[in-house]
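# Examination of the molecular architecture
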Amino acid sequence: MERSEALCCKISGILENMRYGLLRLVLALGISPFLLNTVLGPALGIKPNPQAAAGAEKLLLSSLSKIESVWLKGNGKFLLGSSQPSIADLSLVCEIMQLE
């Protein structure tokens, strides 16, 4: 029981970080300029800035790498090394899949 409570606290912390914290900020800082300068801008007739797109892509790739190295650790396939997905995993997938 104690282990489940600790896991719930960790998952809750991840969800808070995704909702309000640094993870969301870093992803947003990489995603927004990247999409604006590669997809949305040209579609709206705005001239893209290749340097801004490259910088945003670099930040985005760095953010995804940090997710892998910090949150996806251990032998598990999911966040916190778990063998089963949690609501935090689903939330993170939704954030990342918005790029597609």
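Predicted model only: the values in this text are computed from it and were never measured. (Residues numbered from 1 in each chain as written. Predicted model: local features only at pLDDT ≥ 70, side-chain atom pairs only at ≥ 80, totals over all residues. Heavy atoms only, no water.)

## Things to note about the overall build of the protein
Definition in use: To qualify as a helix, a DSSP run of H or I must reach at least 4 residues; to qualify as a strand, a run of E must reach at least 2; elements of each kind are numbered from the N terminus. Buried residues are those whose accessible area, probed at 1.4 Å on protein chains only, stays under 20% of the maximum for their type, while exposed residues exceed 50% and partly exposed ones sit between those limits. Contact between two residues is taken to exist if any of their heavy atoms lie within 4.5 Å; hydrogens are not considered.
Helices and strands together make up the secondary structure of the protein, namely four helices and zero strands. Traced from its N-terminal end to its C-terminal end, the protein shows the element sequence α-α-α-α. Looking at the protein as a whole, 23% of its 100 residues qualify as buried. In the protein, once contacts between residues fewer than 6 apart in sequence are set aside, the share between residues at least 24 apart is 57%.

## Describing the nonpolar core
Quick reminder of the rule: Throughout, nonpolar core names a set of buried Ala, Val, Leu, Ile, Met, Phe, Trp, Tyr and Cys residues whose side chains join them through atoms within 4.5 Å.
If you look at the biggest cluster of nonpolar residues, it comprises eight residues: Ile11, Ile14, Leu15, Ile67, Trp71, Leu79, Ala88 and Leu92. Secondary structure elements with two or more residues in this core: α1 (2–20), α3 (50–71) and α4 (87–97).

## Quick notes on a nonpolar patch on the surface
The condition that has to hold: Surface patches are drawn from residues lacking salt bridges whose relative accessible area is over 30%; two like charges belong together within 9 Å, two nonpolar side chains (Val, Leu, Ile, Met, Phe, Trp, Tyr) within 5 Å. Using a 1.4 Å probe, the Shrake-Rupley method yields the accessible areas, and only the shown protein chains count as cover for residues. Salt bridge, as used here: a side-chain nitrogen of Lys or Arg that lies within 4 Å of a carboxyl oxygen of Asp or Glu.
Residues Leu36, Val39, Leu40, Leu44 and Ile46 make up a contiguous nonpolar surface patch of about 470 Å² in total accessible area. Its place among the elements puts Leu36 in helix α2 (residues 22–43).

## Side note on the side chain of Asp89
What counts here: Neither His nor the chain termini are counted; the positive set is Lys and Arg, and the negative set is Asp and Glu. Think of a polar contact as two N or O atoms within 3.5 Å of one another; within protein, one of them needs to be a possible hydrogen donor and the other a possible acceptor, and neighboring residues in sequence only count if both atoms come from side chains.
One can find Asp89 in helix α4. Nearest to the buried, unbridged Asp89 among oppositely charged side chains is Lys77, at 12 Å. At a separation of 2.8 Å, a polar atom in the side chain of Asp89 contacts the main-chain amide nitrogen of Ser86. If we ignore the near neighbours within four places in the chain, the residues touching Asp89 are Phe78, Leu79 and Gln84.

## Section: the side chain of Asn37
Structurally, the position occupied by Asn37 is in helix α2. For Asn37, the side chain forms a polar contact with the main-chain nitrogen of Asn49, separated by 2.8 Å. If sequence neighbours within four positions are ignored, Asn37 has contacts with Pro42, Pro48, Asn49, Ala52 and Ala53.

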